[in-house]
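Remarks on the overall topology
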Amino acid sequence: MGTTKNIETIRDYIDGKWVASTAKTFVPVINPATKQELGASPLGTSEDVNRAVASAHIAFQEWKQTPVSDRIQFLFKMKNLMDANVEELARAVTREHGKTLVEARGSVKRAIQMVETATGMPTFQMGEFLEDIARGIDCNTIKKPMGVFAGIAPFNFPIMVPFWFWPFAIASGNTFVLKPSERVPLTFQLVFDLIEKTGLPKGVMNLVHGGKDVVTALCTHPDVKGLCFVGSTPVAKYIYTTGAAHGKRVQALGGAKNFMVVLPDAVMDKAVSTALESVIGCAGERCLAGSVIVCVGDETYKEVESRIVRSAADITVGDGLDTHVQMGPVISQEAKDRIKGLIQSAQDEGAKILLDGRKDVDQLPGYFLKPSVIGNVTENMRVAKEEIFGPVVLLAKVKTFDEAIAWMNRCNFSNTTTLFTQSGPATRKFCNEADPSMIGINIGVPAPMSYFSFGGMKDSFYGDIKAHGAASVDFFTDKKIVTTRWMAESSVW
Ligand code: NAD
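In this text the structure is predicted, and so the values were computed from the model without any measurement.

1. Notes on the sheet that holds strand β16 (residues 392-398)
The mixed open sheet is built from 7 strands, whose spatial order is β14-β15-β16-β13-β12-β18-β19. Each edge of the open sheet is held by one strand with a lone partner, namely β14 (352-355) and β19 (438-441). Between one strand axis and the next, the sheet turns through 20 degrees on average, direction left out of account. In the packing of helix α11 (residues 268-280) onto the sheet, the strands contacted are β12 (258-262), β13 (290-296), β16 and β18 (416-420), and the crossing angle to β13 comes to about 155 degrees.

In C-alpha cells:
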C-alpha cells in the first residue's frame, strides 16, 4: 500500500493553521464511481499527533474558562456557514465516498443538526443542586470539561460521523483532535475551512490524517482524556482496550448485522420498499442498513420475495453525481471482491440467488455492484453472521415471531432492528425483547436524531455512554460533586 505524492495535497490543521503532515507514506483517495485519483492521503505519524494534542492541551486552559454562551456562538456561525455550503459539502461527500447526492445532502443535514443540538449546551451542561442534604449542608454537581478528546472516523459517512462528537465536545469546553478515514479525507478539508471562518480560537479543533500509527498515538497519548471511535468491530475492540489501558474514556461504535422482521399483518408494499431502501441505501454501506429480512410464515415470505426481487431489479446504479442514479458504487475493489465472495459463500452453502448483483457490472467505470437478493438464508450461513456492508438483501423464513426474535438475539452484533407490523401488542413485545438498542417500527433506518443518543450493544458498541444528544455531555464532562457547610454562625448579619 502507498504511493508517494506531494504531501501538501491533503493537509493537517493544527494550532489554527494548515500544516503539512510528517507522513512519508500516502494512500490514494479514489472516486469509487470513476476510479479517478482525487488526492493523496497522508499516513501521518505520532509527531503529528504530538503537535495536535499539545496545541489542543494549551487551548483547553483558556477554552474551559470561556463561558458556554460564548463557546456556542462559534457553533451558530458554523451552522450558518454549513447551511450556505450544503451543496459543495454534499458533492465532496459523493465524489470521495460514492453515495448519491440525495444521500450526501441528507448526511450534511444530519451533521448540521448535530451543530444545532450542541448549541443547547447551556441547558445540557447545567448541574444539580440539593439544599440540606443534612442539616446545614448543601450539595451541588458541576459538569466540568476534561481536556483533549480525539475522534477517529470510518469511511462510510465522510461528513456526518465526526459531527456526532466534536460539536458536543467543544461546546462543553473540551478541545478536539479529529482523524478522518484515510479513504475519505477530502470533505473535512472543506469543513475545517468553515471552522476557520468561525474564528474559533486556535487549538480548539485540530485535524490529523493517518492510519493505525496515528490512531495508536491518540489512544496512548497521556494528554488525551477520551476517545470517540466509529468503525469496524475489530478496530473498535482495539481502541476500547488500548484506550482503557491508558486510562481514557472510550466510546467505540463497531460493526453491525441488522435484522428486519416482517409479520403477516405488515402493509406489504410499504414494508418491502422501506426494507429494500434500508439494505441498498448508500450501497449498503451504513451501520444501520438492514441485512437479514426475516419473514414470519410462508405467505409473508412469498410475498416479500416476489416484491423485493422486482423492485431491486429496477434500481439504477451509477455515479451518485448523476441525478437519476438511485445507488452508487461501493468504496473499493477490495470491498467489491469481499461482497462478491460473501454472495458466493451463500450460494455454496445452499441459499438461492434470486437476483445476482455481480452480473453486468464489470463494464461500468467504478466499483459497482447491483442489488442482490438471496433467498432461503439460514442462521448458520456465513452471510447471515458477517457484516456485508454492501447491497445484498438476505431473505429468511421462520414459523413464529418468537423464533425471529430469538435468532436476532443470538447474533453477536446488536445495533439496530426493524419490525414491520400494524400490531400494537407485537410492537410492544418486540421493543421489550429485541436486543438491539435502536429499534424501528415500520422505519427502515431508525437513526436517532441528534438530540437522542446513538449506539448499539454487544459487538456493535464498546463503552457505556452513547454518542450525541444529552448523554454525550456525560461522556465529555466530569461530574464534580461539591458538598458545602458554612462553619461560622455568623456575625455580619
Ligand atoms: P475501519 O475500522 O476499517 O476504520 C475506521 C477507522 O479506524 C479509520 O479512521 C481507520 O484509519 C482506523 N483504523 C483502521 N484499521 C485500524 C487498525 N488496525 N488500528 C487502528 N486504527 C485503524 O472501518 P471502516 O471500514 O472505515 O468503516 C466501516 C465500518 O464502520 C463498518 O463495520 C460499519 O458498520 C462501521 N460503522 C459503525 C457505525 C456505528 O454507529 N456503529 C457507524 C458507521 C460505521
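Next comes the rest of the description.
2. Some thoughts on the domain arrangement of the protein chain
Taken domain by domain, the protein chain consists of domain 1 (8-254 + 460-481) and domain 2 (258-441). Computed from C-alpha atoms alone, the centre-to-centre distance between domain 1 and domain 2 is 31 Å. Contacts between the two partners involve 23 residues from domain 1 and, on the opposite side, 25 residues from domain 2. Together domain 1 and domain 2 conceal approximately 2,000 Å² of surface at their shared face, both sides included; 61% is due to carbon and sulfur atoms. Between domain 1 and domain 2 we count 0 salt bridges in total. Applying the counting rule to domain 1 against domain 2 returns 8 residue pairs in polar contact (both at pLDDT 80 or more). Of all the elements in the fold, those that place two or more residues in the side of domain 1 that touches domain 2 are α3 (86-97) and α4 (101-118). The biggest single contributor to the side of domain 1 that touches domain 2 is α3, with 5 residues. Among the residues making up the side of domain 1 that touches domain 2, the classes are represented as 7 nonpolar, 8 polar and 8 charged.

3. Here's the deal with the packing of aromatic side chains
Evaluated as defined, the whole model comprises 16 aromatic pairs. Within the aromatic cluster, the residues linked to one another by ring pairs are Y13, W18, F163, W166, F188 and F192. Above the face of the Y238 ring, K212 is positioned so that its terminal group lies 4.9 Å from the ring centre. In this structure, K466 packs its charged tip against the face of F461, placed 5.7 Å from the ring centre.

4. Here's the deal with the site of the ligand
Lining the immediate surroundings of the ligand are 28 residues, of which A153, E182, S232, G254 and E387 lie closest. Within the contact set of the ligand, an oxygen atom lies 2.8 Å away from a side-chain nitrogen or oxygen of R183. Contact with the protein chains hides 88% of the accessible area of the ligand, taken as 840 Å² for the molecule alone. Of all the secondary structure elements, the ones that give two or more residues to the shell around the ligand are α9 (212-220), β10 (224-230) and α10 (233-245).

5. So, the pairing of β12
Where burial is concerned, most of β12 is hidden: 5 out of the 5 residues are buried. Residue alternation in β12 divides its side chains into two sets, N258, M260 and V262 and F259 and V261, and both sets are buried. With 5 bridges joining them, β12 and β13 adopt parallel strand pairing. By the bridge assignment for β13, M260 is matched with I293. Remark: the β12/α11/β13 crossover connection has right-handed handedness. Here β12 runs beside β18; their pairing, made up of 4 bridges, is parallel.

6. Focus: the pattern of salt bridges
A pair can form between side chains of opposite charge whenever their charged atoms are brought close. All chains considered together, the criterion is met by 19 salt bridges. One salt bridge in this structure joins E386 and R382, with 2.8 Å as the shortest N-O distance. Exposure remark for R382: the relative accessible area of 36% places this residue in the partly exposed category. When salt bridges with common partners are traced through the structure, they connect K79, D83 and E116 into a single cluster.

7. Focus on the pairing of strand β4 (residues 36-43)
Working note: regular strand, side chains alternate between the two faces of the sheet. Burial analysis of β4 places 6 of its 8 residues in the buried class, which makes it a mostly covered element. Two strands pair when backbone bridges link them, and strand β3 (residues 25-31) and β4 are joined in this way by 7 bridges, in the antiparallel orientation. Residue pairing across strands places P28 opposite A40, the latter belonging to β4.

8. Quick look at the sheet that holds strand β22 (residues 477-485)
Across the sheet, 3 strands lie side by side as β5-β6-β22; this open sheet has antiparallel pairing. Pairing within the sheet leaves two strands with one partner each, and these edge strands are β5 (129-134) and β22. On average, each strand axis in the sheet is tilted by 30 degrees relative to the strand beside it, whichever way the strands run. Across 3 bridges, β5 lies against strand β6 (residues 137-145) in antiparallel orientation. Bridge pairing in β6 places A134 opposite I137.

Rules behind the numbers
- Residues numbered from 1 in each chain as written.
- Predicted model: local features only at pLDDT ≥ 70, side-chain atom pairs only at ≥ 80, totals over all residues.
- Heavy atoms only, no water.
- Pairing = 2+ DSSP bridges.
- Helix = DSSP H or I, 4+ residues; strand = E, 2+ residues; numbered from the N terminus.
- Axes fitted to C-alpha atoms, helices over the stretch in contact; angles between N-to-C directions.
- Contact = heavy atoms within 4.5 Å.
- Domains from an automatic or database assignment.
- Buried area = accessible area lost by both parts, 1.4 Å probe.
- Salt bridge = Lys/Arg side-chain N within 4 Å of Asp/Glu carboxyl O.
- Polar contact = N/O pair within 3.5 Å; in protein donor to acceptor, adjacent residues only side chain to side chain.
- Nonpolar A, V, L, I, M, F, W, Y, C, P; charged D, E, K, R; others polar.
- Phe/Tyr/Trp six-rings, centres within 6.5 Å; stacked < 30°, edge-to-face > 60°.
- Lys NZ or Arg CZ within 6 Å of the ring centre and 35° of its normal.
- Near = heavy atom within 4 Å.
- Areas by Shrake-Rupley, 256 points an atom, 1.4 Å probe, with all protein chains shown as cover.
- Buried < 20%, exposed > 50% of the residue type's maximum accessible area, 1.4 Å probe, protein only.
- Right-handed = clockwise from strand over helix to strand, strands pointing away.

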